[in-house]
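# Geometric and topological summary
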Amino acid sequence: MRDQTAVDEDVIAVGGVLTDQHPVDFHTLGLAGCIDRLTRPLRQHGTAVRWDTPHWGIEIPADCASLLYQSAREALSNAYKYSRASRLTVQLAAVDHGIRLVVSDDGTGFDSELATCGRHHGYGLRLMAVAVQEAGGSVDISSSPGHGTSVTVTLPLD
């Protein structure tokens, strides 16, 4: 089980939920920089984090950036709390008229069917999916026990 208290002076994990103590500043750090700050606790616990961000130069509206950041925070918090992953990849890329965020790990995985429909699990994932769908986007969660997890969030940019 991971620590329930501060892991870094800037990013803390309380009950496993990663929270940046500084205001999120998309203008200065960019979306990728803000998300990268959230990966620090994973790195500190030995997870190798790889970035794939071929989206340079694309303007991401603040509301989309905020929703992608919150989605990344949910996926990374779950990876931090449960996955025991040795490797994690974050992808942020332009797709047809949109932007796609993928957070994938090689951790323990879980039964994604139970996590999104069970009575006692997956509330964070379900709330994330509702928010993304209300914004016209889509969420795909792919996981199975022993085979890691991949969370894909796609949002329209127009």
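Model, not experiment: these values are computed from the prediction. (Residues numbered from 1 in each chain as written. Predicted model: local features only at pLDDT ≥ 70, side-chain atom pairs only at ≥ 80, totals over all residues. Heavy atoms only, no water.)

## A word on the nonpolar core
- By size, the foremost hydrophobic cluster in this structure holds 34 residues, and its most contacted members are L31, I35, L76, L101 and L155.
- Those elements giving two or more residues to this core turn out to be β1 (11–14), α1 (26–38), α3 (62–83), β4 (87–95), β5 (98–105), α5 (123–134) and β7 (149–156).
- Residues contacting L101, with those up to four places away along its chain left out, are I35, L68, S71, A72, V90, Q91, L92, V151, T152 and V153. (Core = buried A, V, L, I, M, F, W, Y, C linked by side-chain atoms within 4.5 Å. Buried < 20%, exposed > 50% of the residue type's maximum accessible area, 1.4 Å probe, protein only. Helix = DSSP H or I, 4+ residues; strand = E, 2+ residues; numbered from the N terminus. Contact = heavy atoms within 4.5 Å.)

## So, the packing of aromatic side chains
- Using the criterion set out here, one finds one aromatic pair in the structure.
- Aromatic side chains F26 and Y69 sit 6.0 Å apart centroid to centroid with 75° between the ring planes, which places their arrangement in the edge-to-face category. On the criterion of sequence distance, the pair formed by F26 in helix α1 and Y69 in helix α3 is long-range, its members being 43 residues apart.
- Residue F26 is classed as partly exposed on the basis of its relative accessible area, which comes to 23%. (Phe/Tyr/Trp six-rings, centres within 6.5 Å; stacked < 30°, edge-to-face > 60°.)

## Looking at the confidence of the model for the protein
- Scored by pLDDT, the protein has a mean of 85; 86% of the residues are at 70 or more.
- Counting interchain partners and residues more than four positions distant, the pLDDT-below-50 stretch residues 1–8 has 21 contacts. (pLDDT = per-residue confidence, 0-100.)

## Details of the pattern of salt bridges
- Inspection of every chain in the model, using the stated rule, returns two salt bridges.
- Among the ionic pairs, D36 bridges to R43, the shortest N-O distance being 2.8 Å.
- Overall, D36 belongs to the partly exposed group, its relative accessible area being 24%.
- A salt bridge links R87 to D106, with the shortest nitrogen-to-oxygen separation between them at 3.7 Å. In this pair, R87 is assigned in strand β4 and D106 in the loop between β5 and α4 (112–117), connecting sequence segments 19 residues apart.
- Residue R87 is classed as exposed on the basis of its relative accessible area of 54%. (Salt bridge = Lys/Arg side-chain N within 4 Å of Asp/Glu carboxyl O.)

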